[in-house]
Amino acid sequence: MKKTKLGEFEELVLLTVVVLQDQAYGVEIKRELEERLRESLSVGSIQSALKRMEEKGFLTSEFGEATQKRGGKRKRIYQATPYAHRVLEEMKDVRAQLWASIPGIATN
Amino acid sequence: MIQPKTPTPPRWSLRLLRLFIRKDFLEEIEGDMEEVFMDEVEQYSYRKARRRYNWQMLRLLRPTLTHNIFNSQKLNYYGMFKHNILVTFRGFKRHKLTFLINLIGLSTGLAASLLIYLWVTDERSVDTFHENNDQLHWVMTHFQLPETMVTWNYTSGKMAENMKADFPEVLDAVRVGNHFFRPRGVMSFEEDNFEISGLFASQNFFDVLSYDLFLGNPETVLSNKETIVISRSLAEKIFGTAEKAMNQTVAWENTLFNKELIVNGVFEDPPTNSTQQFEALINYGVLIDRDPWADRWNGGYAQTYLLMKEGTDMNAFNEKIADYMNIEERSTGRFTVFTRPYASGYLYGEYKEGVLTGGRIQNVQLFTYIAIFILLIACINFMNLSTAQASKKMKEIGVKKAIGAHRYALIFQFLSESVILSVMALALAIGLVSLCLPQFNYITGKTLELSLSNGWGAIISIVLVTGLLAGSYPAFYLSGFKPVAVLKGKIAGLKGEEWIRKGLVVVQFTLSIVFIIGVLVINRQIEFAQNAPLGYDGSHVVKFERKGSQTADPLPMLTELNQIPGVTSAANMAGDFLWGQDSGSGYSWQDGEEDDNHLFKSPKIGFNLIETMRLEMVAGRSFSREFNDDRTKIIINESAVKLMGLDDPVGTKLGYSPTETREIIGVVKDFQYGSMHQEIEPMVIRFREWGRNFLVKIQPGTEVNTLDQIEAVYKKFHPKYDFEASFLMDDYDALYDSEDKVAQLSNYMAAIAILVSCLGLFGLAAFTAERKTKEIGIRKVLGASRVAIMRILSKSFTGTILVAIVLAIPIGYFAAESWLQNFAYSIELSWWIFTLAGILSMLIAWLTVSFQTLKAARVNPVECLRHE
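Here is a short report on the structure shown in this document.

**Describing the overall build of chain B**
Here comes step 1: The secondary structure content of chain B amounts to 28 helices and 26 strands.
Here comes step 2: A sequence separation of at least 24 residues applies to 78% of the contacts in chain B between residues at least 6 apart.
Here comes step 3: Total accessible area on chain B is roughly 42,000 Å²; 57% of this is exposed by carbon and sulfur atoms.

Dropping the structure here:
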């Protein structure tokens, strides 16, 4: 757990990647997150989160198809690594345990 | 907001993105950006989408996505760069002489080129300030004469409106009065009089040409014949401010009309790089009222400028209009109409037999070459001195290579050294230029200035090119040394190196000697033209023009002038004596034959002019009051006698028209009419009593006093006008003004070229002497005299310069020969010019080298043999 260092925003992006499956590329992730968070995000923030996570080994990626709308440039489809899945699980557990440990909730 | 068919993201933003984003992310991110952009174009306005794209772009600039400028790999470059600069400056410090020679040479060369660059750009900018310069064309005509074809830049006044109506590609057409038909005279307001020069113009003048209307309604200015538009400086001169000038009435009495006019507009003064200069504009209709020929097909009164549709094929258009004048009611079928780009007239203005032969462009080219050559000479200095000092750098190169320096790193080092030097030279050159600019402006008659607006980009690129050129040879040569050989002290290919060095010196001196030859020839020719026998005596002849109304009898003024004690003789004529263009045809000297088409040079003179100018009569008599001579009498020159083949010319009557004849009353000896650019041609001197140009010969020594009295007489007859007189021979000299400028400029440029070459030679001599120190020491110990030492040291230079002389003479000969082609009468290119140039360059070279050789020869052998 010590070494993972997954930021809050990164975690959201990572989860979105998992959700979107084979549709997980930059703009789609941006759309999905914007909808869920109800705020607008910049291409830069998404992209830098993706690149950072790729470097840390949470994501792998490969080129997908190119579309007219993208001016003929290929998409890059991201996929979460097993390691990422494990880290996400761990985080979820830690959070759940913490929630469970809040005294007010526990007694009610 | 109208949407273009394919929305595109902002260009600069896209460029920024491509520049900064890491290459391996670029495709993905660019695609993402584009997709988002396309979504947003649908969602918002095109403009907003572009704005948002820019914003998104800026937010992409974060360290994870951009390539890192400060990453450790690049730091190495910075270190190398720092090291190079350090080594460069250490080098400068250690080899002070070389450094100074290079710096002085390069900065002088750069300064000379900068001056020329300023001048050339200024020359090229003339008349290009019109907004639609690309679409602006000037209608010209070739006119076929029996033996020759002349080219005019003026046309019929009808041309403009007819062309506009006939050709759809002509968007608009302007006509203005040509240079013969410009109103020049005195404008009066209340008690003040101002002499001004105006221009007749059609109403659309301001629409088509980019002269700015400062005050006044563009719709109404120039729309009628009772109003006038004046320049801002004139308005300020007359009325104090431009605003006060509006709606005032001024009186204008000039060569063509005398009228009261209401000022209904003020325009900004034409820029200095406009060839058309005028202080007032008036409707062209005024000229038509004065002279109906101004609006007829067979009157050449107007200049016609066309505004063409964008992208018109001018060659095709010229084919279409070639025969535009050759319609029955228009002319006699001897015209060829064509157009040229409006602004090109200044540089390409000379036509011979209907073919463009050049014009000022020749000077522009000449000086461009001179600038390039001077820079080349300065660069050669740098190359020579750096390769000469190669031996000193060898250890450095060897060590660097041995510890793993790439060849490219070394090339980069040497190039940066030369670029640093040339940047330093630029700083010095800019100082020099600002020092010399006033003098340079005085010579060229321009008002150039070194300001931010005139092309720093070009100047910087000149510097970079200079630096790279100068550094290229040493960089590639020195960096190619083999480290092992160098460190062992073996220097490969010294022989070849010496050859190249000598070759470069030969190039330098060849150029310098060509310059010397050019300067000698130009100066000789100008001196020749100004002192050649002209066939008349123009000394002490004062020339002035009577102004105002054209119909004033010159006799009373002539009589009064003749009464002044200091006046030897006074006369008048129509047209300028020095103009040399007045010509006429229609004389026939043989019965029945079609020989009346020869175009004679044909000045129109009054009584007493031949005597005043001391023209020599070969036969017959000159025009005289006693014989009551009139227009039916003519005098011809010897060339005309020869042309007509008359045995006894005096008394011969030439046919002039079916009803008229012209009687030859005298033959005058050939004389030069106009400048030496023209040949002496057959001439028919016509008689005009009413000429406006006065020529007054005064007694030598009484100039000041007599001129005052002439002025008094002039003022009596022309109270409103200033007396503007000049000496005829001063005006004659001014005919060679452009050559004079070329001569003066080339004198300076040649001096600079020679100076820079000598600097290089000086440096090389110093180097040779230094390298031969030991040899000199040993020779001296063994008893060699100083003279012997000096001979040894200067021997190789003498050979080099001799080769340069041999090369330069033919080049100089052809260059001088082609320049002299511009003159009808020119000096012979005699051998002594080339000999002199050769001897001069040899002397200069020896003098330069002798400083060093003398120093070397005088050295005490102990000094140079002590260290080992």
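**As for unusual backbone geometry**
All names here are of chain B.
Here comes step 1: Look at His540: it is not a glycine, yet its phi comes out positive at around 60°.
Here comes step 2: If you trace the backbone, His540 turns up in the loop between α18 (494–531) and β15 (541–545).
Here comes step 3: The residue Asn608 is not glycine, and still its phi comes out positive at about 75°.
Here comes step 4: Under the relative-accessibility criterion, Asn608 is labelled partly exposed at 26%.

**A few points about the interface of chain A and chain B**
Here comes step 1: Contact residues are listed per partner, giving 22 residues for chain A and 20 residues for chain B.
Here comes step 2: In total, chain A and chain B occlude about 2,000 Å² of area from one another, counting both sides; carbon and sulfur atoms represent 53% of this.
Here comes step 3: Of all residues in chain A, the largest losses of buried area upon contact with chain B belong to Val43, Lys69 and Lys73 of chain A, amounting jointly to 29% of the total for that side.
Here comes step 4: Taken together, the links from chain A to chain B amount to 10 salt bridges.
Here comes step 5: In this structure, Glu35 of chain B engages Arg70 of chain A in a salt bridge whose closest nitrogen and oxygen atoms are separated by 2.9 Å.
Here comes step 6: Linking chain A with chain B are 15 residue pairs in polar contact (both at pLDDT 80 or more), by the criterion used here.
Here comes step 7: Counting only elements with at least two residues in the side of chain A that touches chain B, the list comes to α2 (26–37), α3 (43–56) and β2 (74–80) of chain A.
Here comes step 8: Of the residues in the side of chain A that touches chain B, the class split is 6 nonpolar, 7 polar and 9 charged.

**Here's the deal with a nonpolar patch on the surface**
All names here are of chain B.
Here comes step 1: Together, Ile778, Val781, Leu782 and Leu865 make up a nonpolar patch on the protein surface, roughly 390 Å² of accessible area in all.
Here comes step 2: Its location among the elements puts Leu782 in the loop between α25 (773–781) and α26 (786–820).
Here comes step 3: Taking relative accessible area as the criterion, Leu782 reaches 71% and is therefore assigned exposed.

**Let's talk about helix α8 (residues 232–239) of chain B**
Residue and element names in this part refer to chain B.
Here comes step 1: If you check which residues of α8 are buried, you get Leu234, Ala235, Ile238 and Phe239. Projected down its long axis, α8 carries its buried residues within an arc of 100°, all on one side.
Here comes step 2: Structurally, α8 contributes buried residues whose contacts are with β4 (184–189), β5 (192–201), β7 (227–231), α9 (242–245), β8 (249–254) and β9 (258–267).
Here comes step 3: Gly240 lies just past α8 and shows a positive phi near 95°.

**Topic: helix α1 (residues 11–20) of chain B**
Helical periodicity: at 3.6 residues per turn, an α-helix aligns residues three or four positions apart in one direction.
Residue and element names in this part refer to chain B.
Here comes step 1: Among the residues of α1, Ser13, Leu14 and Leu17 are the ones counted as buried. Buried residues of α1 fall within an arc of 100° about the axis and therefore sit on the same side. Away from the buried face of α1 by more than 90 degrees, exposed residues Arg11, Trp12, Arg15 and Leu19 are located.
Here comes step 2: Tucked into the core, α1 has its buried residues touching α2 (23–43) and α3 (46–60).

**With respect to the side chain of Thr706 of chain B**
All names here are of chain B.
Here comes step 1: The topology assignment puts Thr706 in helix α22 (residues 703–717).
Here comes step 2: Accessibility expressed as a relative area gives 2% for Thr706, which makes it buried.
Here comes step 3: Aside from chain neighbours lying at most four places away, what touches Thr706 is Ile564, Gly566, Val567 and Ile698.

**With respect to the pattern of salt bridges**
Here comes step 1: Under the counting rule described, the total for this entry stands at 39 salt bridges over all chains.
Here comes step 2: For the salt bridge of Asp32 of chain B with Arg70 of chain A, the shortest nitrogen-to-oxygen distance reads 2.8 Å. With Asp32 of chain B in helix α2 and Arg70 of chain A in the loop between β1 (59–66) and β2, this residue pair bridges two chains. With respect to burial, Asp32 of chain B and Arg70 of chain A carry one shared label: buried.
Here comes step 3: Residues joined in a network through salt bridges with shared partners are Glu28, Arg31, Lys69 and Arg70 of chain A together with Asp32, Glu35 and Asp39 of chain B.

**Observations regarding the packing of α2 of chain A against α2 of chain B**
Here comes step 1: Look at α2 of chain A against α2 of chain B: their axes get within 9 Å of each other, and the N-to-C directions meet at 50°. Considering their axes alone, α2 of chain A and α2 of chain B lie oblique with respect to each other. Here α2 of chain A contributes Gly26, Val27, Lys30 and Arg31 of chain A to the contact with α2 of chain B, which in turn contributes Asp32, Glu35, Val36 and Asp39 of chain B.
Here comes step 2: Its residues assigned to classes, the contact of α2 of chain A with α2 of chain B shows 2 nonpolar, 1 polar and 5 charged.

**Here's the deal with the nonpolar core**
Residues and elements named next belong to chain B.
Here comes step 1: With 118 residues, the main nonpolar core has Val521, Tyr536, Phe577, Met613 and Phe671 as its most contacted residues.
Here comes step 2: Per-element accounting of this core gives the leading share, 15 residues, to helix α24 (residues 737–771).
Here comes step 3: If we ignore the near neighbours within four places in the chain, the residues touching Phe577 are Tyr536, Leu609, Met613, Phe671, Tyr673, Gly674, Leu695 and Leu728.

Definitions and limits used
Residues numbered from 1 in each chain as written. Chains lettered and ligands numbered in written order. Predicted model: local features only at pLDDT ≥ 70, side-chain atom pairs only at ≥ 80, totals over all residues. Heavy atoms only, no water. Helix = DSSP H or I, 4+ residues; strand = E, 2+ residues; numbered from the N terminus. Contact = heavy atoms within 4.5 Å. Areas by Shrake-Rupley, 256 points an atom, 1.4 Å probe, with all protein chains shown as cover. Buried < 20%, exposed > 50% of the residue type's maximum accessible area, 1.4 Å probe, protein only. Buried area = accessible area lost by both parts, 1.4 Å probe. Salt bridge = Lys/Arg side-chain N within 4 Å of Asp/Glu carboxyl O. Polar contact = N/O pair within 3.5 Å; in protein donor to acceptor, adjacent residues only side chain to side chain. Nonpolar A, V, L, I, M, F, W, Y, C, P; charged D, E, K, R; others polar. Patch = residues over 30% accessible without salt bridge, like charges linked within 9 Å, V, L, I, M, F, W, Y side chains within 5 Å. Arc of directions from axis to C-beta. Axes fitted to C-alpha atoms, helices over the stretch in contact; angles between N-to-C directions. Parallel < 35°, antiparallel > 145°, perpendicular 65-115°, else oblique. Core = buried A, V, L, I, M, F, W, Y, C linked by side-chain atoms within 4.5 Å.

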